[in-house]
There are 2 protein chains.
Amino acid sequence: MNENERDLNEELEELFISDELGDNADTETEADGLEEEIMISAEEREIDLDALTELIAARKYVDVREMLEPLPPIDIAELFCELDARYRAMLFRILPKEQAADVFVEMDSDLQRALIDGFSDSELSGYLEELYLDDTADIIEEMPAAVVKRIIRNSTPENRVALNRLLKFDSNTAGALMTTEYVRLSPEMTVGEALKHIKRVAIDKETIYTCYVTDKKRHLVGIVTARSLLISDSETPLSEIMEENVIFAKTGDDKEEVALLFDRYGFIALPVVDSETRLVGIVTVDDAIDVMREETEEDFAKMAGITPSDSTYIRSSVFSIFKSRIPWLLLLMVSATFSSTILGRFEALLPAVLLLFVPMLMDTGGNSGGQTSVTVIRALSLGEIEPRDVLTILWKELRVGLLSGAALGAVAFLKVLLVDYLLMQNPEVTLFVALAVALSLALTIVISKIIGACLPLLARRIGFDPAVMASPFITTVVDAASLLLYFVIAAYVFGL
Amino acid sequence: MNENERDLNEELEELFISDELGDNADTETEADGLEEEIMISAEEREIDLDALTELIAARKYVDVREMLEPLPPIDIAELFCELDARYRAMLFRILPKEQAADVFVEMDSDLQRALIDGFSDSELSGYLEELYLDDTADIIEEMPAAVVKRIIRNSTPENRVALNRLLKFDSNTAGALMTTEYVRLSPEMTVGEALKHIKRVAIDKETIYTCYVTDKKRHLVGIVTARSLLISDSETPLSEIMEENVIFAKTGDDKEEVALLFDRYGFIALPVVDSETRLVGIVTVDDAIDVMREETEEDFAKMAGITPSDSTYIRSSVFSIFKSRIPWLLLLMVSATFSSTILGRFEALLPAVLLLFVPMLMDTGGNSGGQTSVTVIRALSLGEIEPRDVLTILWKELRVGLLSGAALGAVAFLKVLLVDYLLMQNPEVTLFVALAVALSLALTIVISKIIGACLPLLARRIGFDPAVMASPFITTVVDAASLLLYFVIAAYVFGL
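Residues numbered from 1 in each chain as written. Chains lettered and ligands numbered in written order. Predicted model: local features only at pLDDT ≥ 70, side-chain atom pairs only at ≥ 80, totals over all residues. Heavy atoms only, no water.

Caption draft 1: Local environment of the overall build of chain A. The number of helices and strands found in chain A is 23 helices and eight strands. The buried share of chain A, reckoned over its 496 residues, is 56%. Relative to all contacts within chain A whose residues are 6 or more apart in sequence, the contacts with residues 24 or more apart total 68%. Carbon and sulfur atoms make up 58% of the accessible area of chain A, which amounts to about 21800 Å² in all. (Helix = DSSP H or I, 4+ residues; strand = E, 2+ residues; numbered from the N terminus. Buried < 20%, exposed > 50% of the residue type's maximum accessible area, 1.4 Å probe, protein only. Contact = heavy atoms within 4.5 Å. Areas by Shrake-Rupley, 256 points an atom, 1.4 Å probe, with all protein chains shown as cover.)

Printed below as a string of structure tokens:
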């Protein structure tokens, strides 16, 4: 502890002229108090921003470290966002280098860039050493060319090579998601040798809990878990304890499918191989979880007719929200005028009373179509169904549609007769009207389910994102269809 | 290998009378062939069901084991679903006990129950020994009382106690999600002792990669990762290397919030403590991922007006799909008749041409409201916003609404004038009509955004699920509102 403190003071002295360092008094009391309050529950993780700002302004660096030491990186990263810009660089330098690096990874790219611009080259390369390569690669992808050049220039030669390889992959593939910092072992090693090797290299590996056994040509021949290493005795050769049935991803695989593998099999890491099944990297579960969340939120956005964005709702500006929503509203508004056209065609010809049921028909059709499309879209993105299952799905939805149509049609028929006809005594409402409405409703539901099932499958078939085909778009199509249907049926019922 | 085979034969002899066992010929070739084809890519994981069935029918048990040995449990579980019911029990007995148990966990409860009914008590307790306690608890929750009694009766006394504790927790809490099979260490231990202890107990612990350091009274005082154990030298006492700032969950915490912690902090395991912060269990990342997926799919379903169900789309019967969708369709259809009533009120008073724009108005309002509600609902369930942020959100949506309303209103105004008035030469379409439509559209969008923001927040506030308030329901409310607005504005514009 005091050891650290002395280093800390020296380190900080270089950065700022300060006379307030090393007031160890409250440090030790802190240390003594530890047992009582080591737990961090959600509430306790919230830090008083003003108190922190004051400490920084007053250059009480040791206290600042004490205050932030127990916090997880992402929580500190959020503090940075809220912190007055003037103090950010200063706070970053106060943090121990390793913690600083972890925090840096969690920041959004604007903040990262601002900090990088403030770094000296030596600082930059210092922090880069602490980062995992896949994180560095992710950061680079968000940076302008000039910054990227600086980062590459300040990386160690071998990292530079690895980075260049990582950056070559399409950002939607396993290749871009993976890290090259895994533990590689050879089948001839004994458990004891393996453990020694791990002890030596562990420090800059992203995970050591699954180790990868490869032959001379780097072909993946098996995996060994830290668990099996810990429970086997040290003379056993790895070839005896390694698991040879390895599920792996290829560098070109879609990252969403890779994430699904984690969900399905409960991995904590997955090996990634190149076209010659040579091991080139691993994907870890935390990155897989990020992919799952991003993909889910993207689907939610698209289904609601919103252009997905990375930034959170609270942080995004009114105008950026406007931009992400207006294109779809516009498109859907224009397409909705089809319905108006249809309405215009028939309006004059038919009893005005029929128009009363248009909203109900359109809404029900839209809802019924939406139910199917969302179900199909989810089943598609969970890999549960494929476009080739189209017949199975249509047959299923057809039957569901007939059931629902019959049920709702009957209810509508009775409702119109009992409420509008008998109760409201509305003279215009006749048996014919009730019949026309009920029939149209039933058919609308069947058709909306068919449309709701076909559009997403079609989208996927033509390499389009099914989620985009969801509720809003389908509503528009179904509206037009249901109106057309309604008026044709009505015309028939009224013998026009 | 041959060792195993002999055990296998004896074991199987007890189960069936068979003369075909142990034809080692193809076994060895298999073994030799391993290096070439150890990798399992998605395609290779697909097994020929008929071939499997034949092998079982022909009692080629060794071949069956060879065939299934490389498959992950969940893939085998799916084979069971497709397999002819007659062969299921047989196939299950053919599998090595440990693999059988892993497969059992992945089956759906009907299948599990059918198998359990076929087990002898000794078989049952044999398999139960192989299961992790949290899995057993999950299985039990799906079983009828009689089966539960059998399971409890056939568990070891200590498991019985642990099970009873796990089963007491509400199924939506961390308590129900956790397992009690974790590695517990004491701060006085040295790294060497810890590793020895782990080696001894690892076999029935769900994870050994994060170990939990507790005091005499089982209070959690820190965690030690397998990584830090492997890189520290064996004399170091745990108290020196343990991480004392532990993020934990309480047994009563909502499992969805627990899953969010994994997402946020990238844990592979999280300790769960009781009201006196005594360590009672851990949640592992694979279970957290399951929760995330379930919660997401539930939200998708609710947003589409579908009652969520556990079973997959392909597996669920037409009638169960019908049942899960009809209540919402019915509710929404009935509520949609509000719009009809409003329409009925004004229809007679206003120029018929106004009705042409009703579908466009209703759809746009619904879409715009849906955009907001889905955004708010997601932000709520990701813990990004709280009902108390209502003013921030309303202020944001109001401005977005005004921007969108102005933009779309202008477009609609021009469209009506240029297309319907000039191009189509529709005599009924006047400047007044264009004005009424544009104004109503603009206001409809503003209002729909307000409604879309308020309903989910209100729902959460009154302890209701926000997701249920999404698109379909909001569409109905917005439709009524927009119609009312339209006609009032129209009446005003036309000076009625």
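Resuming the write-up.
Caption draft 2: Region of interest: the pattern of salt bridges. According to the stated counting rule, one finds 40 salt bridges over all chains in the structure shown. Among the salt bridges present, the one from Asp 75 of chain A reaches Arg 264 of chain B, with a minimum N-O distance of 2.4 Å. On the criterion of chain membership, the pair formed by Asp 75 of chain A in helix α5 (residues 73-82) and Arg 264 of chain B in helix α18 (residues 255-265) is interchain, its members lying in two chains. For Arg 264 of chain B, a relative accessible area of 28% gives the class partly exposed. One salt-bridge network, held together by shared partners, links Asp 75 and Glu 78 of chain A together with Arg 264 of chain B. (Salt bridge = Lys/Arg side-chain N within 4 Å of Asp/Glu carboxyl O.)

Caption draft 3: Broad picture of the packing of aromatic side chains. Using the criterion set out here, one finds 26 aromatic pairs over all chains in the structure. Both rings, one in Phe 432 of chain A and one in Phe 494 of chain A, keep their centres 6.1 Å apart while their planes meet at 55 degrees; by these two values the pair is tilted. Pair noted here: Phe 432 of chain A is in helix α22 (residues 431-461) and Phe 494 of chain A is in the segment after α23 (471-493), with a separation of 62 residues, a long-range link. Overall, the relative accessible area of 26% leaves Phe 494 of chain A in the partly exposed class. Their ring planes at 35 degrees and their centres at 5.8 Å tell us that Phe 319 of chain B and Phe 322 of chain B sit as a pair that is tilted. Taken as a pair, Phe 319 of chain B and Phe 322 of chain B lie in helix α20 (residues 318-347) at a separation of three residues, close to a single helical turn. Residue classification places Phe 319 of chain B among the partly exposed residues on the basis of a relative accessible area of 46%. Within the aromatic cluster, the residues linked to one another by ring pairs are Phe 80, Phe 92, Phe 104, Phe 119 and Tyr 127 of chain A. Above the ring of Tyr 313 of chain B, the side-chain terminus of Lys 396 of chain A is found at 5.3 Å from the ring centroid. (Phe/Tyr/Trp six-rings, centres within 6.5 Å; stacked < 30°, edge-to-face > 60°. Lys NZ or Arg CZ within 6 Å of the ring centre and 35° of its normal.)

Caption draft 4: Looking closely at a nonpolar patch on the surface. Residues and elements named next belong to chain A. On the surface, a nonpolar cluster with roughly 390 Å² of combined accessible area is contributed by Leu 414, Leu 418, Tyr 421 and Leu 422. Looking at the element boundaries, Tyr 421 is found in helix α21 (residues 390-423). Tyr 421 gets classed as partly exposed once you look at its relative accessible area, which sits at 40%. (Patch = residues over 30% accessible without salt bridge, like charges linked within 9 Å, V, L, I, M, F, W, Y side chains within 5 Å.)

Caption draft 5: Summary view of the domain arrangement of chain A. As assigned here, chain A comprises domain 1 (3-173), domain 2 (184-284) and domain 3 (336-493). Centre-to-centre, using C-alpha coordinates, domain 2 of chain A lies 53 Å away from domain 3 of chain A. (Domains from an automatic or database assignment.)

Caption draft 6: Summary view of the relation of the copies chain A and chain B. The operation relating chain A to chain B is a screw motion whose rotation component is 180 degrees, with 0.0 Å of axial translation and a residual RMSD of 0.2 Å. Given the turn and translation reported, the copies of this chain are related as if by a two-fold rotation axis. Comparing interface residues between copies, 100% of those in chain A also sit at the interface in chain B, which points to an isologous, same-surface contact. (Least-squares fit on C-alpha atoms with pLDDT ≥ 70 in both.)

Caption draft 7: Structural view of unusual backbone geometry. Residues and elements named next belong to chain A. Even without being glycine, Arg 59 reaches a positive phi, approximately 60 degrees. Examined against the element boundaries, Arg 59 turns out to sit in the loop between α3 (49-57) and α4 (61-68). Look at Arg 218: it is not a glycine, yet its phi comes out positive at around 70 degrees.

Caption draft 8: Region of interest: the interface of chain A and chain B. Taken together, the 122 residues of chain A in the interface contact 122 residues of chain B. It is Arg 227, Phe 300 and Tyr 313 of chain A in chain A that bury the most area against chain B; as a group they hold 7% of the surface buried on that side. In this assembly, chain A and chain B are joined by 10 salt bridges. Here chain A and chain B share 48 residue pairs in polar contact (both at pLDDT 80 or more) between them. No other element matches the 18 residues that helix α19 (residues 318-347) of chain A contributes to the side of chain A that touches chain B. (Buried area = accessible area lost by both parts, 1.4 Å probe. Polar contact = N/O pair within 3.5 Å; in protein donor to acceptor, adjacent residues only side chain to side chain.)

Caption draft 9: Here's a closer look at the packing of helix α10 (residues 133-142) of chain A against helix α12 (residues 157-167) of chain A. Residues and elements named next belong to chain A. The contact between α10 and α12 brings their axes to 10 Å, and the two run at 60 degrees. If you check the angle between α10 and α12, you find them oblique. Relative to α12, α10 is oriented so that their crossing is right-handed. Contacts between α10 and α12 involve Leu 133, Asp 134, Thr 136, Ala 137, Ile 140 and Glu 141 on the former and, on the latter, Asn 159, Ala 162, Leu 163, Leu 166 and Leu 167. Residues of the contact of α10 with α12, tallied by class, amount to seven nonpolar, two polar and two charged. (Axes fitted to C-alpha atoms, helices over the stretch in contact; angles between N-to-C directions. Parallel < 35°, antiparallel > 145°, perpendicular 65-115°, else oblique. Left-handed = near helix turned anticlockwise from the far one by under 90°. Nonpolar A, V, L, I, M, F, W, Y, C, P; charged D, E, K, R; others polar.)

Caption draft 10: Focus on the sheet that holds strand β4 (residues 220-225) of chain B. All names here are of chain B. Strand order in the open sheet formed by three strands is β2-β3-β4, with mixed pairing between adjacent strands. Both outer strands of the open sheet, β2 (184-185) and β4, are each paired with one neighbouring strand and no more. Note: β2 against strand β3 (residues 210-214), two bridges, orientation parallel. Residue pairing across strands places Arg 184 opposite Tyr 212, the latter belonging to β3. (Pairing = 2+ DSSP bridges.)

Caption draft 11: Structural detail: the side chain of Ser 381 of chain A. Residues and elements named next belong to chain A. Position of Ser 381 among the secondary structure elements: in helix α20 (residues 358-381). Looking at Ser 381, the relative accessible area reads 14%, which means it is buried. Leave out the neighbours within four places in its chain, and Ser 381 touches Glu 256, Leu 260, Asp 299 and Arg 460.

Caption draft 12: Local environment of a positive patch on the surface. All names here are of chain A. Among the surface-exposed residues, Arg 165, Lys 168, Arg 184 and Arg 218 lie close enough to one another that they form a single positively charged patch. When you line up the elements, Arg 184 lands in strand β2 (residues 184-185). Arg 184 sits in the partly exposed class, given a relative accessible area of 32%. (Lys, Arg positive; Asp, Glu negative; His and termini not counted. Charge placed at Lys NZ, Arg CZ, Asp CG, Glu CD.)

Caption draft 13: Region of interest: the pairing of strand β7 (residues 269-273) of chain A. All names here are of chain A. Extensive coverage of β7 is indicated by the burial of five of its five residues. Burial along β7 is two-sided: the face carrying Ala 269, Pro 271 and Val 273 and the face carrying Leu 270 and Val 272 are both buried. In the sheet, strand β6 (residues 249-250) pairs with β7 via two bridges, with the strands oriented parallel. From the neighbouring strand, Ala 249 faces β7, where its bridge partner is Val 272. Summarising the sheet, β7 and strand β8 (residues 279-284) pair through five bridges and their orientation is antiparallel. Looking at the pairing, Val 273 lines up with Leu 279 of β8.

Caption draft 14: Spotlight on the packing of helix α6 (residues 73-82) of chain B against helix α8 (residues 97-106) of chain B. Residues and elements named next belong to chain B. Their axes nearest at 8 Å, the elements α6 and α8 cross at an angle of 70 degrees. On the basis of the axis angle, α6 is roughly perpendicular to α8. In the packing of α6 onto α8, the handedness of the crossing is right-handed. Contact residues: α6 offers Pro 73, Ile 74, Ile 76, Ala 77 and Phe 80, while α8 offers Gln 99, Asp 102, Val 103 and Glu 106. Residues that form the contact of α6 with α8 fall into these classes: six nonpolar, one polar and two charged.

Caption draft 15: Quick look at the confidence of the model for chain A. Residues and elements named next belong to chain A. Residue-level pLDDT values for chain A average 83, and 90% of them are 70 or greater. Note on residues 12-38: pLDDT is under 50 here. Beyond four places in sequence and across chains, it has 41 contacts. Two numbers describe this predicted complex: its pTM, 0.79, and its ipTM, 0.78. (pLDDT = per-residue confidence, 0-100.)

Caption draft 16: Local environment of the side chain of Asp 479 of chain B. With respect to the helices, strands and loops of the structure, Asp 479 of chain B is situated in helix α24 (residues 471-493). We note that Asp 479 of chain B is buried and unpaired, the nearest opposite charge coming from Lys 449 of chain B at a distance of 14 Å. Ignoring any residue separated from it by four or fewer positions in sequence, one finds Asp 479 of chain B in contact with Asp 363 of chain A together with Ser 339 and Met 362 of chain B.

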